[in-house]
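An overview of the molecular structure
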Amino acid sequence: MKGDRVEIVVDAGDTTRTYEVVASRAGRRVETAVRRGVVEVSEVTRSGSVVRTARFMATRVLALVEQPIPREDSSEKP
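As a starting point, this report considers the structure included with it.

Reading the values: rules and limits
Residues numbered from 1 in each chain as written. Predicted model: local features only at pLDDT ≥ 70, side-chain atom pairs only at ≥ 80, totals over all residues. Heavy atoms only, no water. Pairing = 2+ DSSP bridges. Helix = DSSP H or I, 4+ residues; strand = E, 2+ residues; numbered from the N terminus. Axes fitted to C-alpha atoms, helices over the stretch in contact; angles between N-to-C directions. Buried < 20%, exposed > 50% of the residue type's maximum accessible area, 1.4 Å probe, protein only. Phe/Tyr/Trp six-rings, centres within 6.5 Å; stacked < 30°, edge-to-face > 60°.

**Let's talk about the sheet that holds strand β1 (residues 5-12)**
Pairing is antiparallel in the open sheet, where three strands are placed in the order β2-β1-β6. Two strands lie at the open edges of the sheet, namely β2 (15-22) and β6 (61-67), each paired on one side alone. Between one strand and the next, the sheet's axes are offset by a mean angle of 15°, whatever the strand orientation. Direction of pairing for β1 relative to β2: antiparallel, over a ladder of eight bridges. Residue pairing in the sheet places Ala 12 in a bridge with Thr 15 of β2.

Here it is as structure tokens:
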């Protein structure tokens with residue numbers, strides 16, 4: 001779904017760095033996973049193929065903010 005995005009705040013020693021992974025086209029989504037001390041954020045197509053992946057050490061990740069696309073309810077339409 002176009003508009004899904006995840007912001008990752010990482011400790012970089014003296015400062016913090018913010019990275020953002022965005023679903024760049026319609027029909028794609030962003031998935032997160034934590035495995036073996038590594039945080040993976042991937043952009044995935046409808047069929048499940050991974051387009052790109054960002055990997056961070058879990059000990060360095062300060063915040064992981066998932067921001068889904070706002071959905072319109074059919075009840076809100078006039």
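**As for the environment of Val 34**
The topology assignment puts Val 34 in strand β3 (residues 29-35). On the basis of relative accessible area, Val 34 is assigned to the exposed category, the value being 60%. In this structure, the C-alpha to C-alpha distance between Val 34 and Met 57, residues 23 residues apart in sequence, is 9.5 Å.

**A few points about the packing of aromatic side chains**
Across all of its chains, the model carries one aromatic pair by this definition. Between the aromatic rings of Tyr 19 and Phe 56, the centroid separation amounts to 5.3 Å while the plane-to-plane angle is 40°, which identifies the pairing as tilted. With Tyr 19 in strand β2 and Phe 56 in strand β5 (residues 50-57), this pair connects stretches of sequence that are 37 residues apart. Residue classification places Tyr 19 among the partly exposed positions, given a relative accessible area of 34%.

Such coordinate-based values are descriptive only and should not be taken to indicate function.
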